[in-house]
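Coordinate inspection notes
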Amino acid sequence: MIKWLIRIIATIYVGMLVGVPVGSIVYRALKPGFHEFFNQLGTPSAVHALVLTLEVAAVAVTLNTVFGLGVAILLARHRFRGASLVEALIDLPLSLSPVVIGLALVLCYSTTQGLFGPLLVHLGITVLFSFPGIVMACAFVSLPYVVREVQPVLIELGTDQEQAAETLGAGPFTVFWKITMPSVRWGLAYGVLLTTARVLGEFGAVAVVSGNIEDRTQTMTLWVDSALTNFNYNGAYAGALLLALISTLVLAALSLSRAKEGRLR
Amino acid sequence: MSIEVRSLSKRFGKVSAVHDLDLDVPAGSLTALLGPSGGGKSTVLRCIAGLEIPDAGSIFIDGVDVTRVPARDRGIGFCFQHYAPFRHMTVWDNVAFGLKVRHRPKPEITHRVTELLELVRLDGFAERYPSQLSGGQRQRMALARALAVAPRVLLLDEPFGALDAQVRKELRSWLRDLVEEMKVTTVLVTHDQEEAMEVADQIAIIRDGNLEQVGTPAACYDHPANEFVATFLGPATLHDGDWVRPHDLVISKSPADGAHPGVIERITQLGFEVRVEIHLDDGSDTYVQLARRNFDELAPGVGDHVFVAVAATIPIGGSENHAESDTRPSA
């Protein structure tokens, strides 16, 4: 009886909090018909926002994958001075509001008042209100995911298998690609997935550093927001659904490949 | 291939794991590093393998100083305590790993892996994953993997530690035969003195990072260098200030010269032998191990008054054991 009660409460909670709002987006986005859906997403500003979002995601996710893997190995395999400081810094993006992160980047990279401003002017690099700034903001907010997914897997794995490979004649490069990587691949895959989802959905930090310039620095979330502000509800819903679909597809691909491998074992 | 360990020292932080240790392993022999847990024997093995860098001292394999040579170039096969199977690879790929890494031609790999899987009786398991094997099978897979690259030296860290008693005994004699057949110099680490004495040609007793004694199992058992070795290698009781093996004590029902009177407190039947615990009149306790037949002849009971005499004491630190236990590399 109590078991059933708990199940019902849990279902209602998740349903009301997640299911109904997401469901209503799907409903509202498709209500005007597929024609309108594609029309809205076919406008030049929407296409530009989508392309920019995917480009930013590609770069930011790649950066955080490589960096995250490296840091995870460093933290899991080596004891060094300042390790706990690195640990704390890795988790910082989770506890900071994205708007604060955006502001922090402005304070560093603004050409007029930023810490590195004069240097950037001298080198002729613009960070704020352009692609590098958006990538930086997205990489910042999504920093912890790969590290936090891979690190515990590495610790659980231990060094026995890597050492065994070494005694069998494998060099560091071979050990990494043949032993370490295959062993952490699912942790890494989930880390990449979470990072991707976070980058696709990032709003606050990007809003601050990008300047939200239509057709230039407007990402998909910003486009949805401005559509909403301009009372273009059909556009806002279509954009929102597209973002949700991309994340869902990535998750589905991952689950499928994992299930396929599970059957082989 | 002989192994020589010279003045080996290794510390982990403030703990000294191995202290100025010398050891010779003759070519083709099976040497057991025996001692209590945490005594440094695994560290010695890992230093030979190149998995630990010694703080001081040198390792020679076949007369060549390999102290600074990385593990992958030492020509060793290493079996880890928990086998360290590559969990994401099949049995076949596990065994083939060393050959693939060394870019051997494909037909050779196929031939060698097939041969090895047969040797360790895992043919038919090639497509399984390590998680689908029993402990004993995993152990044999790890051995095949280590042997695939035809190592000059085989190093085994507690090879039977994680197996149950039955499988352990089986694998022991199997390993003994295997090593003899492959003629590969083998060093194994164990804390089980029975295992060491059964399997090894030579045992090296290591305690607290120091080598206590090296020699054949018989030499170490019969002529232990010190009290620790005497008591570690087999049961021993203190009798009139001398260490005595319980099977070297004789009990009789009538007084004899030098025999101590006492009362039987407990009798335990251990299959072919019987253990008789006696409380001596001088207040000390001792126990005697008797063959079943001798026990039946005497037919003692709990509470009986008996006399305990010493047939032989353990010659601890005797000078003659040195000659017997000293070994030189024959390579």
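Residues numbered from 1 in each chain as written. Chains lettered and ligands numbered in written order. Predicted model: local features only at pLDDT ≥ 70, side-chain atom pairs only at ≥ 80, totals over all residues.

We now examine the overall build of chain A. Looking only at helices and strands, chain A has 13 helices and zero strands in total. By principal-axis analysis of the C-alpha atoms, chain A measures approximately 65 × 65 × 35 Å. In chain A, which comprises 265 residues, the proportion classed as buried is 35%. (Helix = DSSP H or I, 4+ residues; strand = E, 2+ residues; numbered from the N terminus. Buried ≥ 20, exposed ≤ 12 C-beta atoms within 10 Å, placed from the backbone.)

For chain B, the helix and strand inventory stands at 10 helices and 17 strands. The dimensions of chain B, computed from C-alpha atoms along their principal axes, are 75 × 45 × 35 Å. Burial statistics for chain B: of 331 residues in total, 40% are counted as buried.

Right, let's get into the interface of chain B and chain A. With 17 residues of chain B at the contact, the number on the chain A side is 16 residues. Those elements giving two or more residues to the side of chain B that touches chain A turn out to be β6 (76-79) and α2 (91-101) of chain B. Counting residues per element, the side of chain B that touches chain A draws most heavily on α2 of chain B, which supplies three residues. The residue makeup of the side of chain B that touches chain A, split by class, is 12 nonpolar, three polar and two charged. (Contact = placed C-beta atoms within 7 Å. Nonpolar A, V, L, I, M, F, W, Y, C, P; charged D, E, K, R; others polar.)

The axes of two packed helices give the description: the angle between them and the distance between them. Residue and element names in this part refer to chain B. Running from N to C, helix α4 (residues 135-148) and helix α5 (residues 165-182) cross one another at 15 degrees; their axes reach a closest spacing of 11 Å. Judged by the inter-axis angle, α4 sits roughly parallel to α5. The two elements α4 and α5 cross, and the hand of that crossing is right-handed. Contacts from G135, G136, Q139 and L147 in α4 reach V167, L171 and M182 in α5. Residues belonging to the contact of α4 with α5 are distributed by class as follows: four nonpolar, three polar and no charged. (Axes fitted to C-alpha atoms, helices over the stretch in contact; angles between N-to-C directions. Parallel < 35°, antiparallel > 145°, perpendicular 65-115°, else oblique. Left-handed = near helix turned anticlockwise from the far one by under 90°.)

Once that is clear, we can look at the nonpolar core. One finds L33, V44, I48, V95, A144, L155 and A204 of chain B to be the most contacted residues of the largest nonpolar core, which totals 95 residues. In this view, I48 of chain B contacts I3, V5, I59, L155 and V187 of chain B; residues no more than four positions away in its chain are not counted. Listed in part, the 55 residues of the second largest apolar core include A46, L128, M136 and A205 of chain A. (Core = buried A, V, L, I, M, F, W, Y, C linked by C-beta atoms within 7 Å.)

Attention now goes to the pairing of strand β8 (residues 185-190) of chain B. The side chains of a regular strand alternate between both faces of the sheet. Residues and elements named next belong to chain B. In terms of residue burial, β8 counts as a mostly covered element, since six of its six residues are buried. Residues of β8 alternate between two faces, with T185, V187 and V189 on one and T186, L188 and T190 on the opposite face, all of them buried. Sheet topology places strand β3 (residues 30-34) next to β8; five bridges connect them, and they run parallel. Bridging across to β8, T31 finds its partner in V187. Inspection of the sheet shows strand β7 (residues 153-157) paired to β8 by five bridges, in the parallel sense. Residue pairing in the sheet places D157 in a bridge with V189 of β8. For the handedness criterion, the β-α-β arrangement of β7, α5 and β8 is classed as right-handed. (Pairing = 2+ DSSP bridges. Right-handed = clockwise from strand over helix to strand, strands pointing away.)

All names here are of chain B. Ordered in space as β13-β17-β14-β15-β16, the five strands form an open sheet in which the pairing is antiparallel. On the outer flanks of this sheet lie β13 (249-252) and β16 (285-291), each paired with one strand and no other. Taken pair by pair, the neighbouring strands of this sheet meet at an average axis angle of 45 degrees, ignoring direction. As paired elements, strand β14 (residues 260-270) and strand β17 (residues 305-310) share four bridges and run antiparallel to each other. Bridge pairing in β17 links V263 to H305.

Let us now look at the packing of helix α3 (residues 44-77) of chain A against helix α7 (residues 131-141) of chain A. All names here are of chain A. Between α3 and α7, the shortest axis-to-axis distance is 9 Å and the interhelical angle comes to 50 degrees. The pairing of α3 with α7 is recorded here as oblique in orientation. Every pair of crossing elements has a handedness; the one defined by α3 and α7 is right-handed. In this structure, α3 contributes V56, V59, A60, L63 and N64 to the contact, and α7 contributes I134, V135, C138 and A139. Residue composition of the contact of α3 with α7, grouped by class: eight nonpolar, one polar and no charged.

This part takes up the confidence of the model for chain B. Residues and elements named next belong to chain B. Averaged over every residue, the pLDDT of chain B is 89; residues scoring 70 or more account for 96%. By mean pLDDT, helix α10 (residues 320-325) is the weakest element of chain B at 40, and α2 is the strongest at 96. For this predicted complex, the interface confidence comes out at an ipTM of 0.84, alongside a pTM of 0.83. (pLDDT = per-residue confidence, 0-100.)

We now examine unusual backbone geometry. All names here are of chain B. In this structure, S7 is a non-glycine residue whose phi angle is positive, near 45 degrees. Within the secondary structure layout, S7 lies in strand β1 (residues 3-12). Here H103, not a glycine, exhibits a phi torsion of approximately 55 degrees, which is positive. Structurally, the position occupied by H103 is in the loop between α2 and α3 (106-119). By C-beta crowding, H103 is classed as exposed, having 8 other C-beta atoms within 10 Å.

What follows is about the pairing of β13 of chain B. All names here are of chain B. Residues of β13 alternate between two faces, with L249 and I251 buried on one and V250 and S252 left unburied on the opposite face. The sheet contact formed by β13 and β17 spans four bridges and is antiparallel. Paired with L249 across the strands is V310, a residue of β17.

A few words now on the environment of H191 of chain B. Residue and element names in this part refer to chain B. Relative to the elements of secondary structure, H191 occurs in the loop between β8 and α6 (193-199). Each C-alpha atom of the pair H191 and L33 lies 8.2 Å from the other, and the pair is 158 residues apart in sequence. With near-sequence residues (within four places) excluded, H191 lies in contact with G35, P36 and S37.

Let us look at the environment of E277 of chain B. Residue and element names in this part refer to chain B. Position of E277 relative to the elements: it lies in strand β15 (residues 273-280). In this structure the C-alpha to C-alpha distance between E277 and C79, which are 198 residues apart in sequence, comes to 42 Å. Residue contacts for E277: discarding those within four places in its chain leaves E265, R266, D285 and Y287.

Another aspect to go through is the sheet that holds strand β2 (residues 15-25) of chain B. Residue and element names in this part refer to chain B. Sheet architecture is open: four strands sit in the order β2-β1-β4-β5, paired in antiparallel fashion. Two strands lie at the open edges of the sheet, namely β2 and β5 (64-65), each paired on one side alone. Alignment of strand β4 (residues 56-61) against β5, held across two bridges, turns out to be antiparallel. Looking at the pairing, I61 lines up with V64 of β5. Taken strand by strand, helix α1 (residues 41-49) contacts β1, β2 and β4, and its axis lies near 115 degrees from that of β1.

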